[in-house]
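Each chain, letter by letter, is given below.
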Amino acid sequence: MRRGWKMALSGGLRCCRRVLSWVPVLVIVLVVLWSYYAYVFELCLVTVLSTAEKVIYLILYHAIFVFFAWTYWKSIFTLPQQPNQKFHLSYTDKERYENEERPEIQKQMLIDMAKKLPVYTRTGSGAVRFCDRCHLIKPDRCHHCSVCAMCVLKMDHHCPWVNNCIGFSNYKFFLQFLAYSVLYCLYIATTVFSYFIKYWRGELPSVRSKFHVLFLLFVACMFFVSLVILFGYHCWLVSRNKTTLEAFCTPVFTSGPEKNGFNLGFIKNIQQVFGDNKKLWLIPIGASPGDGHSFPMRSMNESQNPLLANEEPWEDNEDDNQDYPEGLSSLALETET
């Protein structure tokens, strides 16, 4: 009886957690819907008197709004990609591993299994990166997300504002969403500012639209500042071919820690996220190149470009098996373990 109650309580808590996880998304959606009403109706249709100005404002606004909404949708509903079956332990290997009580033997077993896989990163102690919850050998740049309860390929972070794990399958869409969010806020702020001044000076009548216009400018500026910082940070990560987790914890390879282990050069780093077709860099179509299980490494390119080997190696040595509590990324309020 007690066990049944515990299971029911646990299931209820998980259900509540799933529902509450959509609250940040709901907040963003409500703010965006209000901004649409305030800009289109209260500003363009009521406050702006010039017909030509109304048309220009509305066309440009809706062009930006479509891409903003499209990329936000893709960031939310593009599922994180998980490691394929060959990285999972077979039933026999799983039993052997769990029944073995000696840590050094378990470590050697994982090393032997990893020899058959394209795995080049290790934990801080040099062991093979293994997830004891998903029972798999982690591919390079893969991490376990405690919120999604699964291992995610090239995991960057878990973002509550999209209620999704940002990784290999949707990092491109997330960056595009940040870019169009910044553009959306900037466009609203610049077009609303002149009417804000007119209301402030009393050149326009004090009607209901006044409060929408004033508050619209305040909200747009507030979101712009926070978003441009976050977007700038992720642009820096892309230029170095790093994830948020790799920026906090230097990846360890078979040869040792290397902070620039995946840095292929500026252009190639961008192509690793957005692909080779530049026409699709601004459109949320297509995912990043590759399969998400293995990635080009700096060491493999040094023979073609010896200048890549001139930088000094990173000295930090962090353990990859550590847990990442909620709030890892202070800019985005995001988690990963």
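Being a predicted model, the structure only gives us computed values, none of them experimental.

Q: Explain the UniProt feature "transmembrane region" (unreviewed entry) in the chain to me, please; I cannot follow it from the model alone.
A: The UniProt record marks residues 20-39, 55-73, 177-199 and 211-233 with the feature "transmembrane region" (unreviewed entry), using the residue numbering of this structure. Helix makes up 90% of residues 20-39 and strand makes up 0%, while its end C-alpha atoms are separated by 29 Å.

Q: Before we go on, may I ask you to explain the packing of aromatic side chains in this structure?
A: By convention here, two paired aromatic rings are described through the distance between centres and the angle between planes. Applying the stated criterion across every chain yields a total of 27 aromatic pairs. With centroids separated by 5.3 Å and ring planes inclined at 55°, the aromatic side chains of Phe253 and Phe262 adopt a geometry described as tilted. One exposure class covers both Phe253 and Phe262, and it is buried. Their ring planes at 45° and their centres at 6.1 Å tell us that Phe274 and Trp281 sit as a pair that is tilted. Taken together, Tyr36, Tyr39, Tyr61, Phe65, Phe68, Tyr72, Phe177, Tyr184 and Tyr187 form an aromatic cluster joined through their ring pairs. Positioned over the ring face of Phe262 is Arg141, at 4.1 Å from the centre of the ring. A cation over a ring is seen here: Lys198 above Tyr195, with NZ or CZ 4.9 Å from the ring centre.

Q: How do you make sense of the packing of helix α4 (residues 91-99) against helix α5 (residues 103-114) when you look at a structure like this?
A: When two helices pack together, their arrangement is given by the angle between the helix axes and by the axis-to-axis distance. Relative to each other, α4 and α5 sit at 155°, their axes nearing to 9 Å. Considering the angle they form, α4 stands roughly antiparallel to α5. Crossing of α4 over α5 shows left-handed handedness. Counting all contacts with α4, which are made through Asp93, Arg96 and Tyr97, the residues of α5 involved are Gln106, Met109, Leu110 and Met113. Grouping the constituent residues of the contact of α4 with α5 by class yields four nonpolar, one polar and two charged.

Q: For this particular structure, what's the right way to read the sheet that holds strand β9 (residues 256-257)?
A: The strand order β1-β8-β9 describes an open sheet built from three strands, whose pairing is antiparallel. Edge positions in the sheet fall to β1 (121-122) and β9, since each of these pairs with one other strand and no more. In terms of strand pairing, β1 meets strand β8 (residues 252-253) through two bridges, oriented antiparallel. Following the sheet pairing, Arg122 is matched in β8 by Val252.

Q: Even after reading the chapter, I still don't get the environment of Leu60, so can you show me in this structure?
A: Examined against the element boundaries, Leu60 turns out to sit in helix α3 (residues 51-77). Between the alpha carbons of Leu60 and Tyr187 there is a distance of 8.8 Å; along the sequence they are 127 residues apart.

Q: What exactly am I supposed to notice about the nonpolar core here?
A: Nonpolar side chains tend toward joint burial in soluble globular proteins. Counting residues in hydrophobic clusters, the biggest one holds 48 residues, and the most contacted among them are Tyr39, Tyr61, Tyr171, Ile188 and Val192. Where this core is concerned, the elements lending two or more residues are α2 (23-47), α3, α6 (171-201), α7 (208-240) and α9 (266-274). Ranked by residues supplied to this core, first place goes to α6 with 16 residues. Summarising the domain contributions, this core has at least three residues from each of domain 1 (17-80 + 168-224) and domain 3 (247-304). When residues no more than four places from it in sequence are discounted, the contact partners of Tyr39 are Cys44, Tyr57, Tyr61, Tyr187, Ile188, Thr191, Val192 and Leu216. If you look at the next biggest cluster of nonpolar residues, it comprises twelve residues, including Leu89, Met113, Leu117 and Phe130.

Q: Sorry if this is basic, but what is going on with the environment of Phe174 here?
A: Mapping Phe174 onto the fold places it in helix α6. Each C-alpha atom of the pair Phe174 and Pro284 lies 9.2 Å from the other, and the pair is 110 residues apart in sequence. With residues up to four places along the chain from it excluded, the contact list for Phe174 reads Ser75, His157, Cys159, Ile166 and His234.

Q: Even after reading the chapter, I still don't get the packing of α2 against α7, so can you show me in this structure?
A: One way to put it is that α2 packs onto α7 with a least axis distance of 9 Å and a crossing angle of 130°. On the basis of the axis angle, α2 is oblique to α7. The interaxial crossing formed by α2 with α7 has left-handed handedness. Between α2 and α7, the contacting residues are Ile28, Val31, Trp34, Ser35, Tyr37, Ala38, Tyr39, Glu42, Leu43, Val46 and Thr47 on the first element and Arg208, Ser209, His212, Val213, Phe215, Leu216, Val219 and Phe223 on the second. Partitioned by chemical class, the residues of the contact of α2 with α7 number 13 nonpolar, four polar and two charged.

So, how was this worked out
- Residues numbered from 1 in each chain as written.
- Predicted model: local features only at pLDDT ≥ 70, side-chain atom pairs only at ≥ 80, totals over all residues.
- Heavy atoms only, no water.
- UniProt positions renumbered as here; feature names shortened; annotations may be inferred.
- Helix = DSSP H or I, 4+ residues; strand = E, 2+ residues; numbered from the N terminus.
- Phe/Tyr/Trp six-rings, centres within 6.5 Å; stacked < 30°, edge-to-face > 60°.
- Buried < 20%, exposed > 50% of the residue type's maximum accessible area, 1.4 Å probe, protein only.
- Lys NZ or Arg CZ within 6 Å of the ring centre and 35° of its normal.
- Axes fitted to C-alpha atoms, helices over the stretch in contact; angles between N-to-C directions.
- Parallel < 35°, antiparallel > 145°, perpendicular 65-115°, else oblique.
- Left-handed = near helix turned anticlockwise from the far one by under 90°.
- Contact = heavy atoms within 4.5 Å.
- Nonpolar A, V, L, I, M, F, W, Y, C, P; charged D, E, K, R; others polar.
- Pairing = 2+ DSSP bridges.
- Core = buried A, V, L, I, M, F, W, Y, C linked by side-chain atoms within 4.5 Å.
- Domains from an automatic or database assignment.

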